[in-house]
Amino acid sequence: MRILALDHGTKRIGVALSDELKLIAQPLEYIPAEPFSDFLSRLKQLLQEKEIELILVGMPRDMNGSYGPAALKVQAFIAAMKNAVAVPVQTWDERLTSAQANRFLIEGNVRREKRKEKVDKMAAAILLQSYLDSLV
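The structure contained in this document is the topic of the report that follows. (Residues numbered from 1 in each chain as written. Predicted model: local features only at pLDDT ≥ 70, side-chain atom pairs only at ≥ 80, totals over all residues. Heavy atoms only, no water.)

Side note on the packing of aromatic side chains
For any pair of aromatic rings, geometry is given as the distance between the ring centres together with the angle between the planes.
Phase 1 of the analysis: The full count for this structure, using the stated rule, is four aromatic pairs.
Phase 2 of the analysis: With centroids separated by 5.4 Å and ring planes inclined at 50°, the aromatic side chains of Phe39 and Phe77 adopt a geometry described as tilted. Taken together, the residues Phe39 in helix 1 (residues 36–49) and Phe77 in helix 2 (residues 69–82) connect sequence positions 38 residues apart. Across the pair, exposure class does not vary: Phe39 and Phe77 are buried alike.
Phase 3 of the analysis: Aromatic pair Trp92 and Tyr131: ring centres 5.1 Å apart, planes at 85°, arrangement edge-to-face. Here Tyr131 lies in helix 4 (residues 112–135) and Trp92 lies in strand 5 (residues 89–93), a separation of 39 residues in the sequence.
Phase 4 of the analysis: What links up through ring pairs into an aromatic cluster is the set Phe36, Phe39 and Phe77.
Phase 5 of the analysis: When the ring centre of Tyr30 is taken as origin, the NZ or CZ atom of Arg12, which lies over that ring, is 5.7 Å away.
Phase 6 of the analysis: One cation-aromatic arrangement involves Arg103 over Phe104; the distance from NZ or CZ to the ring centre is 6.0 Å. (Phe/Tyr/Trp six-rings, centres within 6.5 Å; stacked < 30°, edge-to-face > 60°. Helix = DSSP H or I, 4+ residues; strand = E, 2+ residues; numbered from the N terminus. Buried < 20%, exposed > 50% of the residue type's maximum accessible area, 1.4 Å probe, protein only. Lys NZ or Arg CZ within 6 Å of the ring centre and 35° of its normal.)

Concerning the pattern of salt bridges
Phase 1 of the analysis: Within this structure, the stated rule accounts for five salt bridges.
Phase 2 of the analysis: Lys22 serves as the salt-bridge partner of Glu53, at 3.6 Å between the closest nitrogen and oxygen. Here the residue Glu53 occupies a position in strand 4 (residues 52–59), and Lys22 occupies one in the loop between strand 2 (12–18) and strand 3 (25–32), the gap between them amounting to 31 residues.
Phase 3 of the analysis: Residue Glu29 is joined to Arg42 by a salt bridge in which the shortest nitrogen-to-oxygen separation is 2.7 Å. Within this pair, whereas Glu29 is found in strand 3, its partner Arg42 is found in helix 1, the two being separated by 13 residues in sequence. (Salt bridge = Lys/Arg side-chain N within 4 Å of Asp/Glu carboxyl O.)

Quick look at the sheet that holds strand 2
Phase 1 of the analysis: In spatial order, the strands read 3-2-1-4-5; together these five strands make up an open sheet with mixed pairing. One side of each edge strand has no neighbouring strand; the edge strands of this open sheet are strand 3 and strand 5. Strand-to-strand twist across the sheet, computed as the mean angle between neighbouring axes with direction ignored, equals 30°.
Phase 2 of the analysis: Judged from the five bridges that link them, strand 1 (residues 2–7) and strand 4 form a sheet pairing that is parallel. Within strand 4, the residue paired with Ala5 across the bridge is Leu56.
Phase 3 of the analysis: Along the sheet, helix 1 makes contact with strand 1, strand 2, strand 3 and strand 4, crossing strand 3 at roughly 150°. (Pairing = 2+ DSSP bridges. Axes fitted to C-alpha atoms, helices over the stretch in contact; angles between N-to-C directions. Contact = heavy atoms within 4.5 Å.)

Below, the structure is given as structure tokens:
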């Protein structure tokens, strides 16, 4: 069984997947956020194909630890998702994951137009790896 991580965004939702031992996270893909029904359809497909036991969703927090407007959007997203899938959903602090993903891609000499499509799934992988590291 694996863990699937989601990095919620208004345009794209980054997806990452753990290995079966829950040691390594890898970027998988991004799914367009709208229409939500298409997102749910792809999510359900992934849950079945990859044998997912937990969905980990990045929870945006301000640098002082408080929750801002972005966190409210993620909470609404989670509530809608929980109504559609039976897999447990858990949140994890995602502070600076997108900034870190961008930095990795820049250091890897990924061109700007390619970075845009890779940053979301990379941020999801960073989020998931942080969670996996906390389990050890």
